[in-house]
Amino acid sequence: MEKLTFYALSAPEKLDRIGAYLSERLSRDVARHRYGYVCIAMEALDQLLMACHCQSINLFVESFLKMVRKLLEADKPNLQILGTNSVCTHCCMVNIKENIHGVVRKTVNDELQANIWDPQHMDKIVPSLLFNLQSGEGTESRSPSPLQASEKERESPAELTERCFRELLGRSAYGNIKNAVTPVLMHLDNHSLWEGKTFAVRCFKIIMYSIQSQHSHLVIQQLLGHLDANSKSSATVRAGIVEVLLEAAAIAASGSVGPTVLEVFNTLLRHLRLSVDYELTGSYDRINIGTKIIKEHEERQLQEAVIRTIGSFANTLPTYQRSEVMLFIMGKVPIPGIHAVEVLETGKLSTCLMPHERKLHQSTDLILIDRHDNLPKFSTISIISDISVLKLKVDKCSRQDNLFMKKHAQHLYRHIYLCSKEQSSVQPHFEKLYSLLALISMELANEEVVVDLIRVALALQDLALSSEEMLPVYNRCAIHALSSAYLNLISQLTTVPAFCQHVHEVIEMRQKESPYLLPEDVFIENPKIPKTLEKLEGELLFQQAKITEVLGGSGYNTERLATPYVPQFTDEDRLSKRKSIGETISLQVEVESRNSPEKEERTPAEEITFETLKNTIVDSVGVEEQEKERRRQVVEKFQKAPFEEIAAHCGARATMLQSKLNQIFEITIRPPPSPSGTITSGYGQTQSRSVPVYEMKFPDLCVY
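Residues numbered from 1 in each chain as written. Predicted model: local features only at pLDDT ≥ 70, side-chain atom pairs only at ≥ 80, totals over all residues. Heavy atoms only, no water.

If you look the chain up in an unreviewed UniProt entry, it shows as EFR3 homolog Bb (S. cerevisiae) from Cyprinus carpio. Looking at the chain in UniProt, the text filed under Sequence similarities (unreviewed entry) is "Belongs to the EFR3 family." (UniProt positions renumbered as here; feature names shortened; annotations may be inferred.)

Below is the structure:
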């Protein structure tokens, strides 16, 4: 053994052949039941492993692992113990001179060694580490870093395992992350550890804190892929994966989303829709309904977890991306009113029309819009006499948000209006709509947005008054209450005294005569509403003309304020490509104001309807097709026509062009007097003779 050790140290390049030979001998001796030779081969490899330095140990690590595997797979307990003891000897032994943690650290120290990261090795190393980590779960590390652990904790097997696991992950390169994380996912699957969440969260906290920050998004992508693979697993399993995603996103911060921003949110939204679908059908299989019982409360918990995770990911994004993500989400979740038509046409099940999904959609929007944690202050609808007690955080709207609202504000307004119009809306829906209106006013509002929000609030009041809408009495009262609470809030945010006074007077009148039009009597456990709603008029209503007058004195756009809000749809809504139609209303107001003098009677503006917009798009498409056909014919002519014909055609065009240019020069160009001199008229007066520029003679130095 001494000679073999000396030879290995003197010629380290021979170690790989020595290891391969010992591995081959051990396999052969195990098969032939020569257990004495098996022990000799294992002892030889153990002594070589202890004697060799880190720069050469990697040459036969693979042989060592193969030998250990062969012993552990044997049916003899003595051989299994021999293999286990060998592993424990090298994993727990600390080389004081080099401060190395077992075989793992010896191997990863060498940048040229890649064998340990191969799946066949990581599939054995990582589960073993996780098993030891799980056995000591009661003594979980109190901090992300093991450096802060006590001396006694460092000596425990669980703490040693965690340190080894952290070091292994910390040395993993970009291409090795997948091989290191996949065994973790498989281990959690095989031992049903997602449902408990605690150990799964702990494992991925270790992973996220240990790997290099620029690799964080790779772990997130693997978790999202694993969530897709478990799309038909129980809600508790999916909720466990989502909770791990939530924690991982918080740790990774800006690096969690990576280059595929929308794909992250698309995956989470898809699972949100799947959960709602499972809840409605009661089965994970649409063909065999009822094949597996689904617990509704578990699906609801999953849905809430997905929404929190979306918010966690959104918080890592810059402002402009959060706005785009909100638009993306609104495009994914259909609008009530539009997709109802699609359901009637196609006959397909549409979960978008369910009240529960509308609430989920609104919750997601609120999380994305809330930038200053103002959302908890608007969880309930109420009339607040002085909003300063709320201590709201209001900043100036950023340039990115201004651009976003200019393009997509109409989509938000339409969503608020149509959700209020839904007969299935109940108190939670109106509370979400109030929160949405309030957050838009504080996070995304400029002067134009404030005007539009007031128009929407007044349109909601008109909606509740309309006899054409067959709304229940509760919904009418709720819409009146929503409108009054929001106008009370926005009037104080605008700080226009006359506007605040008008809103205050209407609210006072309602408190005296019709308290069922205010949130305090509507949004309670037992609403105090009448059986029928009488016609309302006068001082019980917010007057659009009065509001326009008082805000106009403060510099707001009175023409826009005087135009009632009407939700409008474009053809692109059906394709989920939302585009703003804010310019449509501005166009109507502008055309009306420009075409009618102040002292003359105004003529009604031309109505811009869906049909006119559709015809415009169709006409433009037709013109483009004609232009393409004309170009094709020209190209074909130059490719196939004889040269003489092409030359004659070009020559005729050149001649005609030159004659037209001569006419233009003759008409328009009258240069100063020619240097050729002057002419004298019959009355003794001199007159300058004008010469066209192209006939004038210039010196050579003036001509280029």
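*Asks:* Before we move on, can you summarise the overall build of the chain with the specific residues and values?
*Replies:* Across its full length, the chain holds 30 helices and four strands. When each of the 704 residues of the chain is scored for burial, the buried share is 44%. Of the contacts made within the chain by residues no fewer than 6 positions apart, 71% connect residues no fewer than 24 positions apart. With an accessible surface of roughly 38,100 Å², the chain has 54% of that area assigned to carbon and sulfur atoms. (Helix = DSSP H or I, 4+ residues; strand = E, 2+ residues; numbered from the N terminus. Buried < 20%, exposed > 50% of the residue type's maximum accessible area, 1.4 Å probe, protein only. Contact = heavy atoms within 4.5 Å. Areas by Shrake-Rupley, 256 points an atom, 1.4 Å probe, with all protein chains shown as cover.)

*Asks:* Account for helix α13 (residues 216–229), naming residues and giving values.
*Replies:* Residue pairs spaced three or four apart in an α-helix point in one direction, given the helix's 3.6 residues per turn. Over its 14 residues, α13 runs 20 Å from end to end, which matches the ideal 20 Å to within 8%, given 1.5 Å per residue. Among the 14 residues in α13, ten count as buried, and that is most of the element. If you check which residues of α13 are buried, you get Ser-216, His-217, Leu-218, Val-219, Ile-220, Gln-222, Leu-223, Leu-224, His-226 and Leu-227. Elements in contact with the buried residues of α13: α11 (177–190), α12 (198–210), α14 (235–252), α15 (261–281) and α16 (296–315). (Expected span 1.5 Å × (residues − 1).)

*Asks:* Report on the environment of Thr-236, specifying residues and quantitative values.
*Replies:* Among the secondary structure elements, Thr-236 is positioned in helix α14. Given a relative accessible area of 24%, Thr-236 falls into the partly exposed group. Through-space distance from the C-alpha of Thr-236 to that of Glu-299 is 8.2 Å; in sequence the pair is 63 residues apart.

*Asks:* Which residues make up a negative patch on the surface, and what values do they have?
*Replies:* Taken together, the side chains of Glu-505, Glu-508, Glu-513 and Glu-539 present a region of like negative charge at the surface. Tracing the backbone through its elements, the reader meets Glu-508 in helix α24 (residues 497–513). (Patch = residues over 30% accessible without salt bridge, like charges linked within 9 Å, V, L, I, M, F, W, Y side chains within 5 Å. Salt bridge = Lys/Arg side-chain N within 4 Å of Asp/Glu carboxyl O. Lys, Arg positive; Asp, Glu negative; His and termini not counted. Charge placed at Lys NZ, Arg CZ, Asp CG, Glu CD.)

*Asks:* I'd like to hear about the side chain of Ser-233, residue by residue, with values.
*Replies:* Along the chain, Ser-233 turns up in the loop between α13 and α14. A distance of 3.0 Å separates polar atoms of two side chains, one belonging to Ser-233 and the other to Asn-230. For Ser-233, the contacting residues outside a window of four places in its chain are Arg-238 and Tyr-284. (Polar contact = N/O pair within 3.5 Å; in protein donor to acceptor, adjacent residues only side chain to side chain.)

*Asks:* Explain the packing of aromatic side chains residue by residue, including any values.
*Replies:* Across all of its chains, the model carries five aromatic pairs by this definition. Look at Phe-378 and Tyr-434: their rings are 6.0 Å apart centre to centre, the planes differ by 70 degrees, and that puts the pair in the edge-to-face class. With Phe-378 in the loop between α19 (355–369) and α20 (399–421) and Tyr-434 in helix α21 (residues 427–443), this pair connects stretches of sequence that are 56 residues apart. We classify Tyr-434 as buried; its relative accessible area is 2%. The interplanar angle of 45 degrees and the centroid separation of 6.1 Å between the aromatic rings of Phe-430 and Phe-523 together place this pair among those described as tilted. With Phe-430 in helix α21 and Phe-523 in the loop between α25 (519–522) and α26 (544–552), this residue pair connects regions lying 93 residues apart in the sequence. Each member of the pair, Phe-430 as well as Phe-523, is classed as buried. (Phe/Tyr/Trp six-rings, centres within 6.5 Å; stacked < 30°, edge-to-face > 60°.)

*Asks:* Explain the nonpolar core residue by residue, including any values.
*Replies:* Ranked by internal contacts, the top residues of the largest apolar core, which has 133 residues, are Trp-194, Phe-204, Ile-440, Ile-454 and Phe-499. By residue number, the principal contributor to this core is helix α22 (residues 447–465), which donates twelve residues. Not counting residues within four places of it along the chain, the set of residues in contact with Ile-440 comprises Ile-369, Met-405, Leu-412, Ile-416, Ala-445, Val-449 and Leu-453. (Core = buried A, V, L, I, M, F, W, Y, C linked by side-chain atoms within 4.5 Å.)

*Asks:* How would you explain the packing of helix α2 (residues 15–31) against helix α5 (residues 61–72) if you had to name every residue and give the values?
*Replies:* Two numbers describe how α2 lies on α5: the axes approach to 9 Å, and their chain directions differ by 10 degrees. Here α2 lies roughly parallel to α5, going by the angle between them. Facing α2, whose interface residues are Gly-19, Ala-20, Leu-22, Ser-23, Leu-26, Ser-27 and Val-30, α5 presents Ser-63, Lys-66, Met-67, Lys-70 and Leu-71. Of the residues in the contact of α2 with α5, the class split is six nonpolar, four polar and two charged. (Axes fitted to C-alpha atoms, helices over the stretch in contact; angles between N-to-C directions. Parallel < 35°, antiparallel > 145°, perpendicular 65-115°, else oblique. Nonpolar A, V, L, I, M, F, W, Y, C, P; charged D, E, K, R; others polar.)

*Asks:* With reference to specific residues and values, describe the pattern of salt bridges.
*Replies:* The full count for this structure, using the stated rule, is 15 salt bridges. Among the salt bridges present, the one from Arg-270 reaches Asp-228, with a minimum N-O distance of 3.0 Å. On the criterion of sequence distance, the pair formed by Arg-270 in helix α15 and Asp-228 in helix α13 is long-range, its members being 42 residues apart. Of the residues examined, Asp-228 reaches a relative accessible area of 30% and is grouped as partly exposed.

*Asks:* Any chance you could break down helix α23 (residues 473–494) for me, citing the residues and the numbers?
*Replies:* Along its 22 residues, α23 runs 32 Å from first to last C-alpha, staying within 8% of the 32 Å computed at 1.5 Å per residue. Of all 22 residues making up α23, 20 are buried, and the element is well covered by its neighbours. Where α23 ends, the next residue or the one after it, Thr-495, has phi of about 55 degrees, a positive value.

*Asks:* Could you give an account of unusual backbone geometry, with specific residues and numbers?
*Replies:* The backbone of His-33 shows a phi angle near 60 degrees, a positive value even though the residue is not glycine. Inspection of the secondary structure puts His-33 in the loop between α2 and α3 (35–51). Using a relative accessible area of 55% as the deciding quantity, one classes His-33 as exposed.

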